[in-house]
Every structure is written in structure tokens, then in C-alpha cells.
Amino acid sequence: MDESFLAALPGEWLDALYRQWQRSADSVPEEWRHFFSGFELGLDSTSGGDGEFDEQAALKLSGVQSLLYRYRSLGHLLACTDPLSPCQLSHPLLELSTFGLDENDLDTSFACRRFLKPRASLREVLETMRETYCREIGVEFMHIQEPDERQWLIDRMEPCRNRPDFSAAEKLHILEKLHQAALFELFLHRRFVGQKRFSLEGGEILIPVLDRIIRRCPDAGVSDVVMGMSHRGRLNVLAHILRKPYEALFAEFKESVSPGFLGDGDVKYHKGHSCDVDLDGHQVHVTVAANPSHLEAVNAMVEGKCRARQDRYGADGPGRVLPVLIHGDAAFAGQGSVMEVLNMSQLAGYGAGGTIHVVLNNQIGFTTLPKDSRSTCYATDVAKMLSCPIFHVQGEAPESALHAVDLAMEYRRTFRRDVVIELICYRRHGHNEGDEPAFTQPIMYQQIAARPPVNRIYATVLAEEAGISPDTLELLERRVNEALESSFKKIPEERTIGFSDRWSTISTVYNAEPVETAVPAEKLVTIARRLAALPSGFIPHAKIGVLIQKRFEAVLKGEGIDWGNAETLAYATLLDQGYSVRISGQDSQRGTFNHRHCVVFDSHDEQSYTPLETVVRDGAGFQAWNSLLSEFGVLAFEYGYSLETPHCLTIWEAQFGDFANGAQVVIDQFIASGESKWNRASGLVMFLPHGYEGQGAEHSSARIERYLQLCASENMVVAFPSTPVQMFHLLRRQMLLSFRKPLVVFTPKSLLRYPSCSSTVAEFCAGTFQTCIVSPGDLYAARQVLFCSGKIYYELEEERLGRGRSDTVIVRIEQLYPLDRAAVQSVIDLCGAGCRLYWVQEEPENMGAWHYMERHFRELSASVGYIGRPADACPAVGSHHIHAEQQAEILNRAFSQQDA
């Protein structure tokens, strides 16, 4: 216990508790039992020859215990971890005088609690603490709230004083990895002058660290490692961890090879790679995920990929699949998405069994120094939210770095929690090879220029301290250089990228042919009956019990199937066919608008029950997760999950469609363009609630225009289904298609319970998703045709019926992209000469689908007018009254057009 804590306690209370412990030790809390036991152990040191209590000796004993605690808590402040700064030799909070001790006490023996031995001299205690926590590894771990975890770390650090003992062969392997990292960068610098490569120089220690993580996998039971990182050092990691052949990398510098697939491709320092590493018969599959320039954006995607593999492996999945994320110091402290990913760590729906975070601290972000880029002592302080250990390691101390890796791997295996390893190094060049860092940090870069690279430093250490001969060291370096030179002239082997393993049966080509998605009525009734059956004794909320029965009765009657029922039947029929379903988002179990209820709760004990689990077949599974309050992180996670699961309907649902703009980086850089850049297909589904009901700017529009602007080359599907059965067929089609594309679905709000928005069983039993729906009517005789999409159809149809306008035909565009131009063309061709065509939408003119559709109409040589809100800076008004006026004006204009 800390001395300040004890000093704050009332003396009478403490004395009474001590007397109580003397009478009956078990009658006081465990922590006080340990304290009083240690106190009495120290009586020999705190009493005179006559056995009387010596207050001064007791205070010194308490000071020793406080010193132990303080060094474990703050020893990292004295750790010598910055290669560019002199080591700090003292700190006022760690001075002996702070604890009521002085040099005269160094050889005094004290009773010690939670130390290596029950009694030790102050000198031994001090040496142990300083060597463990104040050398090349600074450790932050006393913020961990679980005492057992703290003690576990103490027991593994203090006995060896955080000084690893590597064999000569292991040390030579470390040097080889350092040579590979350093000489590779020098080779690229000579051979490809001026080309960007985002050099690892100054941070070469990363390569032996990652190599150690891979080599520790067999002992940790890990079979898969999935890594995420940005551009800095990526080529080095691809070459020396992912084993991408040198000649393949050199060919990318020469631009002498194609991307290996049909698409746009990407720059070489964004590409992913995978390989199998054989470690004495133990296969480890290692992947580094492709990523965009947006720092830290890849993190949640990696977590999603890992979680998907873990789910596939079953109960031992979290142990078998290891996420490794490599961060920059400025990005780790600066990007809010880092916190979102950390927050997923221990959540049931998003945890991945613990992640190893490696922070490559260059001590600069482009040209910005730490004092201008963070408000915290360390770049890693945000990670303290997880109560996980953080190791700060000197970037020129490779053996200490590997010791930290060993601790991290063992901790992760034991506790299934995240660990952070910060490698404090520097960046030898500017942000890229064309940048001059001395413009803004002249003194820092004078220091860096004067420092030898870490491979030279470590080679000198091995020669002088480990006694390794110069010939052995020279041979090792020569082999690395020869491998680089010999590969420069090689022609790389062609390599197929993507669509392998679980994706091998998935077509790479988009196909617009209809897919049969109908389900027999008998099957629907059977499934509906199983969904309606609750476990014995399970009592749901009364309204939910009624809802469940109404859904079943609708299927039995063959009519009145609403949106929530149709959606549930889509999931159920897919599960029955062996396809898995995973849906996640804020409130996804119930549904933001109270329509889904795929997980129900007992009113008495809050036990949950998931009816859809009763229809699962052939190893499929159903998951519905209420997510953390995040868009960026959760959408990226689900995208990563979808990359690993072509036969799982993976859905992310926005609370409101407009909220997806918090994840715009994920939408732009991964979902819309990932296949074109990296040949990585995804069948991810996005549910984006959309519709104008007078709820204001942020609760009306899902920004249809933004998604349509991203559409090209059949990169994704954008749909706006208007009926429950259309939703049913659309979701089933997503799994039954021969290919996989992201599916953006604009989903309803008010239509969820709109009386006329229902479907019949007959519609489920026949046909497929209709890309375009033409309402009944004679197109040739029509005076006008109104094209629209979504909820506005119901308002137009009611207005048409109310006005008796049989001369108007309404056409619903259910799939906006890829647009079924043949269907649209057929409507136009059937129209009479005097028929006028309009596009009607709720959104302002500069939003919604109008400009997208107008271009297509123009290409089809059709003259189409616009009816909708005027252009606006805001998607919707805040006043419900004004909204109603605007909506009425749209309907009035739609049916008040005069003949030309």
C-alpha cells in the first residue's frame, strides 16, 4: 500500500483493524491480511532489542514498499528509450528521500512483500527495480486493474530484470534481419533514385520484432497472423516478413509488370500479400492487408478479417488467429479511429482474442513534432483505456525489443487481451525520399545523420561483447547483399491475386442475369412456425409476443407480410440453405425503428433468445450484434469480415442513413474501390435508412447521390426496394449470385408499418428481385409517366388514386446501379408521342438520384423533367410543418402538369 494512502487513514481505525487481525486473521479483508503479515515479518527490523515498536524503522519499511510500487508505476520515466536523447538519470518522484530513505539504508535488510524474496537489502531492491524498469524497456502496467495480471507481469520481468538471454545463433539471426532491413533500403536508394518507397531507415528494428512474433506463433498455438500497417516500411515488411520475392518488388519499381488482374491497381506501398511460413513443421499463414493512404483506416478491417477466421475455426479460433497492427506514433495519438478499434477489444461481437499493437515511433509526424501533435506524455497513452501493458523500447536495442515481444505473446495467450509495444526510433529521411526534413528540424536531423544504423551498432555489440568473429559477421552481411544483387536481374513469376481458397468458386465477373430467389410456400410456413415457437417458460414482452404471432399468422393467411417479417424470412431461408448471416450496427437486434426483433428477451430475467438460430443448417450461423457507437470502426470491421466470408450475408446497418458519413473513408477507399485496386471482392451489405418524414437534416437522407457518384465498372449494387417482398428477394439474391459485390440498400422508416406496404406469400413463391416495377396502366395511352424510387411511390400512388388520374403511370426504379437500362428503354419505347416523362424525388435537386438518372435518360434520348425540392445546402428542413408543405407541393406538381 502506498505510504500516502496509509497516512490518510485514521490511526485509531488502523490500530483497531490490526488488533482484530491479531485475534482472527480471516476476519479482515485479504489485502489487509497481507499487509499485517508483512508488517510483522518486518518487526525484527522495526523493533529495538527489547521488542518495543520502532516508529522510524516502520516508516522506512513502509518507504521500501512504496519504493517498490513507485518504480513499478513510474520507473518508465527513467528508462533510457530514446536513441536521440541522453538518458535521464534521476527523477524527483524516485529519489530515496521521497520515501524517507537515504544511502545509509542501502545495506539494511527489509522485509518485502511481492518481491523476489521475503527479505532483501535496499541496495538489492533498488538495483532490481532500476535494471528492470529503467534501462532499455520502460513498462507501464500498474494501471491494469486486475491484480493477477499485474503480478503475472512482475513475475516475468523482475526475476530476469527484463534482460533476455539469447543464444549466439539467435543473436546472429537478429543481426541478419537487421541487415536485411537496412541493406534493402540502401539497395533501393541506389537502384531507384528518387522513387518513393517510404523507407524504414531509422526503424529497422521493426523487422526482427515482426519476425519474432511469427516465430513465437507455434508456441502460442497461432496458425494465422493478419497484419495491418501503413506505407512506412511496408516494402521492407513485404520482403522480409511476408517473403515477397525481391524481383517482384523490383519489377514494381521498374513498372515492368501488370497488376495481375483487371482493374486500376494501386501503388506498391499499399498492396497486400500473404504467404505460408514453415516453422519446424508448424505452418503459419501470414497476411498483410492492402490499405489506402488514410492512416489507421485498415485497423478495424484487420480485426474483422481475424474475427471471421476465428468464427470459422470455432472455440479455439481466438487462440489460432493473431491480429498484429503496426501504427505510427503521430497517427496512433491523432486518429480517432484508433480509439474505436481499441474499444472493440473486449466486446463479444467484435473482440479478436487480443491484438499485438506495434507503434513505430519516428518521433515526428511528417514535419510535426510530438509537442504539437499530442497532449499526452506518450503516443500510446490512449491504449491505457484497455488496462493493457505498454512496453516502451529503445529502437536500437533489438534484444530488449524481442524480449518485449516474448512477454507480449505470452500475455496475449494467457489473458486474450491487447498489448502495446512502442519502438522508439527515428526517421532517417523525410516523410518520403523527395522530402528535406532539415528544413523544419535541422538539429534533430544533424543528430540522425551522425548516428550509425542499428545493424552496424548491433554488429559491433556482437563482435565486442558476444565474441562473434569478424569473418562470421562479414559473411552474414555479404549473403544479404548477394541476394539483393542476384534478384535484381531476375524476372518475377506471375502470381494470381485474389479469388482463391474460399473465394475459388466465386466468379470474378459481374452478371446481370436474373437469379431464382423464390421459396415454396410450404417451406415458408414451416420456417415461420419454427420462428414463432418460443422455449418453454420463456415470457417475452407482451407486445413482442403479439408481434411474433402476427408474423406467423400473416404467413399462414398468405398476406399482410410486413417489412420486418419479410426481412426475417430472407435470413431464415438463407440459413436453411446453409448460408450464414451476420448483422451488426447500433440497435440492430431490435432495429432502430422497432421492426426487427431478431433477438427477444424474457420479461422476468432478461435472458435472450434468438429464433433464427432454430433454422440454421449445414454449419451456418446467425449473429446479430448491437454495436459500439461507431460508424467508421464498425463498418470497416464488417467489411473485413466480409472479405473472409463469401458465403455469409454480412450486413452493417446505420442507425440513420446520413450517419454513414462518419465512415466515408471506409466507403470510398475500401467498399467502392477495393476490388479495382486490390482485386479483393466483398459481398458486404449496407442498410441505410432513408426517407423524408419531417425529421430534419440528419434523419432524412442517406445521401443517395454520394453512392451513385462512386459507381462505375459494376463495382457495387445500389438498390432502393419499395416492398417487403422486394427486400426478401434482394437479400436472397445477394448470396445466390455467382459473384460478390457490395450492396447498398436504402431502407425505409415510415414504410415499416405503412398499411399498404405489405406483400403476399404468392410473391415470395415466384419470381425474383425486380430492378424496375411498372405500375398497372396503358403506357401508350398515358399522358405522363412518373419515374421515382423509394417511399415517394406510395404518396404518388395515393395522390393518383385520389385524383382519379388513370392517365398517369408510375415507374419505380428499384435498382439504381447498375441501372437496368433495357427496362427503362422499354418503358420509354411504349409511351405514346404526347406522353410527358418526369423524375420525381423527395430530395433537393442537387441530391438524390436525379442527376444520375438525368444522364441516363439523356443517353437514352429521352427528355425527362424534374419534380422535387429545389437545390439546397441542407438535405431537409427542420420544421415538420414546412416539410409537409414541401411534400404537398411535390405531389401537386406531379399531377398538375399541363400538356405541352
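Residues numbered from 1 in each chain as written. Predicted model: local features only at pLDDT ≥ 70, side-chain atom pairs only at ≥ 80, totals over all residues. Heavy atoms only, no water.

## A few points about the overall build of the protein chain
Next, step 1: What the protein chain contains, in helices and strands, is 34 helices and 24 strands.
Next, step 2: Seen along its three principal axes, the alpha-carbon backbone of the protein chain occupies a region of about 115 × 80 × 50 Å.
Next, step 3: Across the 900 residues of the protein chain, 58% fall into the buried class.
Next, step 4: A distance of 4 Å separates the average location of the 88 positive side-chain charges in the protein chain from that of its 117 negative side-chain charges. (Helix = DSSP H or I, 4+ residues; strand = E, 2+ residues; numbered from the N terminus. Buried < 20%, exposed > 50% of the residue type's maximum accessible area, 1.4 Å probe, protein only. Lys, Arg positive; Asp, Glu negative; His and termini not counted. Charge placed at Lys NZ, Arg CZ, Asp CG, Glu CD.)

## A few points about the sheet that holds strand S20 (residues 784–788)
Next, step 1: Strand order in this open sheet of 5 strands is S19-S21-S20-S23-S24, and the pairing throughout is mixed. The outermost strands of the open sheet, each flanked by one partner alone, are strand S19 (772–774) and strand S24 (864–869). Direction aside, the axes of adjacent strands within the sheet are offset by 25° on average.
Next, step 2: Pairing geometry for strand S23 (residues 836–844) and S24, over 5 bridges, is parallel. (Pairing = 2+ DSSP bridges. Axes fitted to C-alpha atoms, helices over the stretch in contact; angles between N-to-C directions.)

## Things to note about the sheet that holds strand S9 (residues 390–394)
Next, step 1: Taking strand neighbours across the sheet as the criterion, the 8 strands line up as S3-S9-S10-S8-S7-S4-S6-S5 in an open arrangement whose pairing is mixed. In this open sheet, the two edge strands, each paired with only one partner strand, are strand S3 (137–140) and strand S5 (273–279). The mean angle between the axes of side-by-side strands here comes to 20°, regardless of whether they run parallel or antiparallel.

## Details of the layout of surface pockets
Next, step 1: By volume, the largest pocket amounts to about 1300 Å³.
Next, step 2: Residue lining of the largest pocket: 48 residues in total, with Arg495, Thr496, Ile497, Gly498 and Arg680 positioned closest to the centre.
Next, step 3: Residues belonging to the lining of the largest pocket are distributed by class as follows: 20 nonpolar, 11 polar and 17 charged. (1 Å grid on protein atoms, 1.4 Å probe; cavity = no way out; pocket = protein on both sides within 12 Å on 5 of 7 lines; lining within 4 Å. Points joined across faces, edges and corners; volume = space filled by probe spheres on them. Nonpolar A, V, L, I, M, F, W, Y, C, P; charged D, E, K, R; others polar.)

## Side note on helix H12 (residues 246–254)
In an α-helix, one full turn covers 3.6 residues, which means residues spaced three or four apart are oriented alike.
Next, step 1: For H12, the tally of buried residues reaches 8 of 9 residues, placing the bulk of the element in the interior.
Next, step 2: When H12 is considered as a whole, its buried residues turn out to be Tyr246, Glu247, Ala248, Leu249, Phe250, Ala251, Glu252 and Phe253.
Next, step 3: Contacts from the buried residues of H12 go to helix H8 (168–191), helix H11 (234–240) and helix H21 (470–488).
Next, step 4: One or two steps after H12, the chain reaches glutamate 255, where phi turns positive at roughly 55°. (Contact = heavy atoms within 4.5 Å.)

## Thoughts on the pairing of strand S7 (residues 321–328)
Next, step 1: Burial runs high along S7: 7 of the 8 residues are buried.
Next, step 2: Two elements, strand S4 (residues 224–228) and S7, share 5 bridges in a ladder whose sense is parallel. When the bridges of S7 are listed, glycine 228 appears paired with leucine 325.
Next, step 3: In terms of strand pairing, S7 meets strand S8 (residues 356–361) through 5 bridges, oriented parallel. Note that in S8 the partner of glycine 328 across the bridge is leucine 360.

## Remarks on the packing of aromatic side chains
Next, step 1: All chains considered together, the criterion is met by 29 aromatic pairs.
Next, step 2: Seen from their ring centres, tyrosine 707 and phenylalanine 746 are 5.9 Å apart, and the 70° between their planes marks the pair as edge-to-face. Of the two residues, tyrosine 707 sits in helix H28 (residues 704–709) while phenylalanine 746 sits in strand S18 (residues 743–747), which places them 39 residues apart along the sequence.
Next, step 3: The exposure class of phenylalanine 746 is buried, given its relative accessible area of 0%.
Next, step 4: An aromatic cluster is defined as three or more aromatic residues linked by ring pairs; in this entry it consists of Phe184, Phe187, Phe192, Tyr246, Phe250, Phe253 and Phe488.
Next, step 5: The ring of phenylalanine 253 carries lysine 268 above its face, with NZ or CZ at 4.5 Å from the centroid.
Next, step 6: Positioned above the aromatic ring of tyrosine 641 is the side chain of arginine 582, whose terminal nitrogen or guanidinium carbon lies 4.7 Å from the ring centre. (Phe/Tyr/Trp six-rings, centres within 6.5 Å; stacked < 30°, edge-to-face > 60°. Lys NZ or Arg CZ within 6 Å of the ring centre and 35° of its normal.)

## Re the packing of H12 against H21
Next, step 1: At a minimum axis separation of 9 Å, H12 and H21 run at an interaxial angle of 55°. The orientation of H12 relative to H21 falls into the category oblique. In the crossing of H12 with H21, the sense of the turn from one axis to the other is right-handed. Counted together, Tyr246, Glu247, Phe250 and Lys254 of H12 and Ala483, Leu484, Ser487 and Phe488 of H21 form the full contact between these two elements. (Parallel < 35°, antiparallel > 145°, perpendicular 65-115°, else oblique. Left-handed = near helix turned anticlockwise from the far one by under 90°.)

## Examining empty space enclosed by the protein
Next, step 1: Taken as a whole and assessed by the stated rule, the structure comprises 12 cavities of 30 Å³ or more.
Next, step 2: Size it by volume and the largest cavity reaches roughly 190 Å³.
Next, step 3: If you trace the largest cavity, you find 16 residues lining it, with Leu531, Ile548, Arg551, Thr568 and Pro611 closest to the centre.
Next, step 4: It is helix H23 (residues 542–557) that provides the largest number of residues to the lining of the largest cavity, a total of 4 residues.
Next, step 5: Tallied by class, the residues present in the lining of the largest cavity amount to 11 nonpolar, 3 polar and 2 charged.

## Some remarks on the side chain of serine 789
Next, step 1: Tracing the backbone shows serine 789 in the loop between S20 and helix H31 (792–803).
Next, step 2: For serine 789, a relative accessible area of 10% puts it in the buried group.
Next, step 3: Within polar-contact distance, the side chain of serine 789 engages the backbone oxygen of isoleucine 813 at 2.7 Å.
Next, step 4: If we ignore the near neighbours within four places in the chain, the residues touching serine 789 are Phe720, Ile813, Leu816 and Trp839. (Polar contact = N/O pair within 3.5 Å; in protein donor to acceptor, adjacent residues only side chain to side chain.)

## Some thoughts on helix H25 (residues 632–643)
Next, step 1: The terminal C-alpha atoms of H25 lie 17 Å apart, and with 12 residues this matches the ideal 16 Å at 1.5 Å per residue to within 8%.
Next, step 2: The buried count for H25 comes to 12 of 12 residues, which makes it a mostly enclosed element.
Next, step 3: Of all the positions in H25, only Phe632, Gly633, Val634, Leu635, Ala636, Phe637, Glu638, Tyr639, Gly640, Tyr641, Ser642 and Leu643 are classed as buried. (Expected span 1.5 Å × (residues − 1).)

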